[in-house]
Amino acid sequence: MATRTDTWPPKPQDAGSHEPSCMPGAGDERKDRTNRPNPGHLSDLALLRRVRDRIDREYAQPLDVEALARGVNMSAGHLSRQFRLAYGESPYSYLMTRRIERAMALLRRGDLTVTEVCFEVGCSSLGTFSTRFTELVGVPPSIYRRDAANETLGIPACVAKQVTRPVRNREAPDAGPNLP
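Just so it is clear, the structure is predicted and the values come from calculations on it, not from any experiment. (Residues numbered from 1 in each chain as written. Predicted model: local features only at pLDDT ≥ 70, side-chain atom pairs only at ≥ 80, totals over all residues. Heavy atoms only, no water.)

**Q** Account for the overall build of the chain, with residues named and values stated.
**A** Scanning the chain for helices and strands turns up eight helices and zero strands. Listed N to C, the secondary structure of the chain is α-α-α-α-α-α-α-α in terms of helices and strands. Within the chain, buried positions represent 31% of all 180 residues. Residue pairs in contact within the chain that sit at least 24 positions apart in sequence constitute 58% of those at least 6 positions apart. Accessible surface computed for the chain: about 12,400 Å², of which carbon and sulfur atoms make up 53%. (Helix = DSSP H or I, 4+ residues; strand = E, 2+ residues; numbered from the N terminus. Buried < 20%, exposed > 50% of the residue type's maximum accessible area, 1.4 Å probe, protein only. Contact = heavy atoms within 4.5 Å. Areas by Shrake-Rupley, 256 points an atom, 1.4 Å probe, with all protein chains shown as cover.)

Following this line, the structure appears as structure tokens:
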């Protein structure tokens, strides 16, 4: 007859242990190798893709996280957390990036003023638009409009879109002096 070597109640888990705890609910979170939570099931990822597709389609409409969350039957907080885990940025940041991308294209055309472009892409505040544009692109929209029209002459639109895509998270190139 085998003897049991474990005892009741179970011993607390060591701090470095990788085994799940015996406590109910412990270890239920899905985690990757970096110990960060992963987005949920495939159905959650499908809902997040629907939100992202809606932002891509309706970027010029007045969208907010609450409206996006209602569209997929999630709370705004849950949507924001899951969207950030899946795509690396919040839904609002993603929306603003889409708006700035479109604004860049309109400003390169050169036939609209900065104010017209601001409202065309769905922004309601010229100040906020200019601030976000400058953060993502590295120069104010008026300067971009002046300089970018000549920058993409002769480049197919599909290539110009990739080359001029804004960079997230304040990673815009430094507008320092050009050295030879």
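**Q** Describe the packing of aromatic side chains, naming the residues involved and giving the relevant values.
**A** Tallied over the entire structure, the rule returns four aromatic pairs. Geometrically, the ring pair formed by Phe83 and Tyr87 is tilted, given 4.8 Å between the ring centres and 55° between the ring planes. You can see Phe83 and its partner Tyr87 sitting in helix α3 (residues 76-87), four residues apart, about one turn around the helix. For Phe83, a relative accessible area of 0% translates into the label buried. Taken together, a centroid distance of 5.8 Å and an interplanar angle of 65° make the contact between Phe83 and Tyr94 edge-to-face. With Phe83 in helix α3 and Tyr94 in helix α4 (residues 91-109), this residue pair connects regions lying eleven residues apart in the sequence. Clustering of aromatic rings is evident, with ring pairs tying together Phe83, Tyr87 and Tyr94. (Phe/Tyr/Trp six-rings, centres within 6.5 Å; stacked < 30°, edge-to-face > 60°.)

**Q** Lay out the nonpolar core with the relevant residues and their values.
**A** Residues Ile55, Leu79, Phe129 and Phe133 are the most contacted members of the largest nonpolar core, which totals 32 residues. Elements with a minimum of two residues in this core: α1 (42-57), α2 (65-71), α3, α4, α5 (114-120), α6 (126-137) and α7 (141-151). At eight residues, α4 tops the list of elements feeding residues into this core. With sequence-adjacent residues up to four places away left out, Phe133 is seen in contact with Ile100, Ala103, Met104, Leu107, Gly138, Val139, Pro140, Pro141 and Tyr144. (Core = buried A, V, L, I, M, F, W, Y, C linked by side-chain atoms within 4.5 Å.)

**Q** So what's going on with the packing of α4 against α6? Which residues, and what values?
**A** At a minimum axis separation of 10 Å, α4 and α6 run at an interaxial angle of 90°. Comparing the axis directions of α4 and α6 gives the class roughly perpendicular. For the pair formed by α4 and α6, the contact residues are Tyr92, Ser93, Met96, Thr97, Ile100, Ala103, Met104 and Leu107 on the first element and Thr128, Phe129, Arg132, Phe133, Leu136 and Val137 on the second. Tallied by class, the residues present in the contact of α4 with α6 amount to ten nonpolar, three polar and one charged. (Axes fitted to C-alpha atoms, helices over the stretch in contact; angles between N-to-C directions. Parallel < 35°, antiparallel > 145°, perpendicular 65-115°, else oblique. Nonpolar A, V, L, I, M, F, W, Y, C, P; charged D, E, K, R; others polar.)

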